[in-house]
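# Topology and contacts: notes
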Protein chains: 2
Amino acid sequence: MKVLHTADWHIGKKLYEYDLYAEQVAAFEQIRQIARQKKVDAVVIAGDLYDRSVPSEEAVSVLKQMLVKLNIEDQLPLLAISGNHDSARRLGVGDEWFEHNQYFLKTELGIDAKGRRTLEPVELGNCQFFLVPYFNPKASRTYFEDDNISTMAQAMAKVVAECESYFKPGLAHILVGHCFVAGSSHEDSEVSSTVGGLDEVPASLFKNFDYVALGHLHNHQALSADNARYAGSPVKFSLSELTNQKGVYIYDTETNDREFVPLKDPTPMVSLTGSLDELCQPAKYNEVADQAFVFVNLTDRQVIANLVEKLRACYPRLVHIERQNGLEGIVQTPSVELLKEANSPLKMTAAFFEQTQGLTLSAAQRDYLAQLLAEIEEE
Amino acid sequence: MKVLHTADWHIGKKLYEYDLYAEQVAAFEQIRQIARQKKVDAVVIAGDLYDRSVPSEEAVSVLKQMLVKLNIEDQLPLLAISGNHDSARRLGVGDEWFEHNQYFLKTELGIDAKGRRTLEPVELGNCQFFLVPYFNPKASRTYFEDDNISTMAQAMAKVVAECESYFKPGLAHILVGHCFVAGSSHEDSEVSSTVGGLDEVPASLFKNFDYVALGHLHNHQALSADNARYAGSPVKFSLSELTNQKGVYIYDTETNDREFVPLKDPTPMVSLTGSLDELCQPAKYNEVADQAFVFVNLTDRQVIANLVEKLRACYPRLVHIERQNGLEGIVQTPSVELLKEANSPLKMTAAFFEQTQGLTLSAAQRDYLAQLLAEIEEE
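All of the points below concern the structure found in this document. Here the structure is a predicted model, which means the values were calculated and not measured.

Glancing now at the interface of chain A and chain B. Counting from both sides, the interface comprises 38 residues of chain A and, opposite them, 39 residues of chain B. Taken together, both faces of the contact between chain A and chain B bury some 3500 Å²; the carbon and sulfur share is 62%. At the surface where chain A touches chain B, the tally comes to 2 salt bridges. Residues K64 of chain B and D95 of chain A are paired through a salt bridge, measuring 2.6 Å at the closest nitrogen-oxygen approach.

Laid out in structure tokens, this is it:
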């Protein structure tokens, strides 16, 4: 049996102000093609299907189209779990009905309407799939009726023990999980992962599985273990992933081979360093595709009027500007202590404004900001 | 064939600060029992399953449990549409999979993954069900490829014409819709219905259907038409529904009978008038059940310290207090013009505070309010 392993789709994610739907749909269409070419028997999605617990209507619609295409049009069995970015309850809304079409989705540790425990495996072909949604160690106490669980390692040891109790000999055993395995390296875009400490799970826990299809980390090389892989995200979500090769894994239960199949970058991502003058030379900007996402590391130190407009004239999808050498005449080191104390976005922004501009927000500015923040939260 | 017709569940709705989940679940369990006792063959839910376009996780979970029970445990075919309170995209997230278990859900006018138009009927038993989700007349222009549609009556005439084009003789024709039919009476809790004018649909449009199962208005007596009924909400959502009898309709396609089956009030709702002294007499409050929702119409005019606490000691689920005779010494008529000008909840609350208290919000109060509003919006 051949299994395609992907994860961390984060539908709805933005790269600064840019929507990534076009990139996500393009990557998805490549994944579909790979599934067809490699004649896979099932597709595993190891969590973080959405980028936010309350996805926008557009994100809901885009993800649904993808799942309809894979599962209903292409008739591919799907095995999916929720990640830490998904709301288990929102993602799991149709799960009781999905199985009729071999779409198996697990979002919470618990007992379903048919009296089955979450960790009872799904059997497909010669394979037992153990679908372990992202969970909070404390939430696992109810499932295991054990109040002593406090770390993810303890909880995962319980999870693995229950999974192994269902092992049938002669079948391949695949665990699908969304967690941080100790010793993995991480990226800037994995904003919500608590790296190190209480959330770490030792790789050795999973030693009895033939394959561990992981989600959570966005680089497919984040972990080097004999039997476990992070699929990585199909799209680059931050500058730190600039040189990251995106792709999917194909695991073959007959041969125990795992093959990494790369995805083409739908949109190039570029980081440029130089002064405004240098960057605005035609020889420089003509080398960069118009649709490329561009990060600029500016060497100039002076305040430049209409800087963004000037750079955008050369690089239409300018994403972000860093001042490599800082800015003249501006306080460079906002007090971290003060930022820590601020406990609301409103206070934090006000504090930042005061520290960088040396000015206090006016009542009108404060009102406008509060309204803006309320609108953002509402979204 | 016997069809149970319900609508306007509004899962997640609150009565002032009180959640209504317990009442909604209790009403649902009665509906389930009625379905069993009357041996119905299908259940129609005519829109507004949720109360908000972005339902809370709890609302998502409660509605899902209800649908799982009816459709998966009781094996009852479900025919449902979205209403104006639902987000079509959010509610419709699993619709492509639901049909496997005879759960038919339509949320948008359009063409589905199988190439079918929304208005193609669902055939069950001796019946054609036409599921017409709530829609915006402008949105229907794409579906009908007709840019001249501007009112709901025009759009609905097109809808009906398309439905009738699929009519098979010898079968019963049931339309399930969520709209305001001209001549209906309305309630306070139907906050988002634009009553009268552009949103009205003449009842005569539906004359060729055997039964029109409507949702939108919360009183089952809102419309008197030969072949059309509003099911009404299963739970009382406002004081104006105090004497409203809640229930469901059972439509029998063989006999063309429609029977209204009442639901018991899970929680009494009471309106009391009197002075604080009168209302706090044991003879008075002992007549009211502890769990009753109580609206108080207070005859006192003076400011009373700890008024809410005093009334709650006698009526634990006090919902709302009106001052029948107004309040002494307080500006009674905040300028409507000023309130209209205020274009944010923050400004509006600040203006209200200024007009009633004669004081301006301090910076700290303003901060706290902004934070609070942001939290509310986030919910």
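Now that the structure has been shown, the text picks up again.
Moving on, we come to the pattern of salt bridges. In total, this model carries 38 salt bridges over all chains according to the counting rule given. For the salt bridge of K13 of chain B with D51 of chain B, the shortest nitrogen-to-oxygen distance reads 3.7 Å. With a gap of 38 residues between them, K13 of chain B in the loop between strand 1 (2–6) and strand 2 (14–15) and D51 of chain B in the loop between strand 4 (42–46) and helix 2 (57–73) connect regions that are remote in the sequence. Taking the relative accessible area as the measure of exposure, K13 of chain B reaches 10% and is therefore buried. Connected via shared salt-bridge partners are E29, R32, R36, K69, E73 and D74 of chain A.

This paragraph deals with empty space enclosed by the protein. This model, assessed by the stated rule, comprises 6 cavities of 30 Å³ or more. Looking at the largest cavity, its volume works out to about 370 Å³. Lining the largest cavity are 26 residues, with R90 and V93 of chain A together with R90, L91 and V93 of chain B sitting closest to its centre. Broken down by secondary-structure element, the contributors of at least two residues to the lining of the largest cavity are helix 2 (57–73), helix 3 (88–91), helix 4 (95–98) and strand 6 (103–106) of chain A together with helix 2, helix 3 (88–91), helix 4 (95–98) and strand 6 (103–106) of chain B.

Next up on the list: the environment of S82 of chain A. Residue and element names in this part refer to chain A. Following the sequence through the fold, S82 ends up in the loop between strand 5 (78–81) and helix 3. For S82, a relative accessible area of 1% translates into the label buried. Along the backbone, S82 and L49 are 33 residues apart, and their C-alpha atoms lie at a distance of 6.9 Å. For S82, the residues in contact, after removing those within four places along its chain, are G47, D48, A88, L91, K106, T107, P133, Y134 and H178.

For the rest of this paragraph, the subject is the pairing of strand 14 (residues 247–252) of chain B. Residues and elements named next belong to chain B. When you tally the buried positions in strand 14, you get 6 out of 6 residues, the bulk of the element. Where burial is concerned, the two faces of strand 14 agree: the one with G247, Y249 and Y251 and the one with V248, I250 and D252 are both buried. Here 4 bridges tie strand 1 to strand 14, and the two strands are oriented antiparallel to one another. Looking across to strand 14, one finds that L4 is bridged to I250. Here 5 bridges tie strand 14 to strand 15 (residues 258–262), and the two strands are oriented antiparallel to one another. Bridge pairing in strand 15 links Y251 to R258.

This paragraph deals with the relation of the copies chain A and chain B. The two copies are related by a screw motion: chain A maps onto chain B through a turn of 180 degrees and a shift of 0.1 Å along the axis, at an RMSD of 0.3 Å. Accordingly, the operation relating the two chain copies is best matched by a two-fold axis. For chain A, the residue whose C-alpha comes nearest the rotation axis is A374 of chain A, separated from it by 2.0 Å. Both copies share a contact surface, since 100% of the interface residues of chain A are interface residues in chain B too.

Rules of the game
Residues numbered from 1 in each chain as written. Chains lettered and ligands numbered in written order. Predicted model: local features only at pLDDT ≥ 70, side-chain atom pairs only at ≥ 80, totals over all residues. Heavy atoms only, no water. Contact = heavy atoms within 4.5 Å. Buried area = accessible area lost by both parts, 1.4 Å probe. Salt bridge = Lys/Arg side-chain N within 4 Å of Asp/Glu carboxyl O. Helix = DSSP H or I, 4+ residues; strand = E, 2+ residues; numbered from the N terminus. Buried < 20%, exposed > 50% of the residue type's maximum accessible area, 1.4 Å probe, protein only. 1 Å grid on protein atoms, 1.4 Å probe; cavity = no way out; pocket = protein on both sides within 12 Å on 5 of 7 lines; lining within 4 Å. Points joined across faces, edges and corners; volume = space filled by probe spheres on them. Pairing = 2+ DSSP bridges. Least-squares fit on C-alpha atoms with pLDDT ≥ 70 in both.

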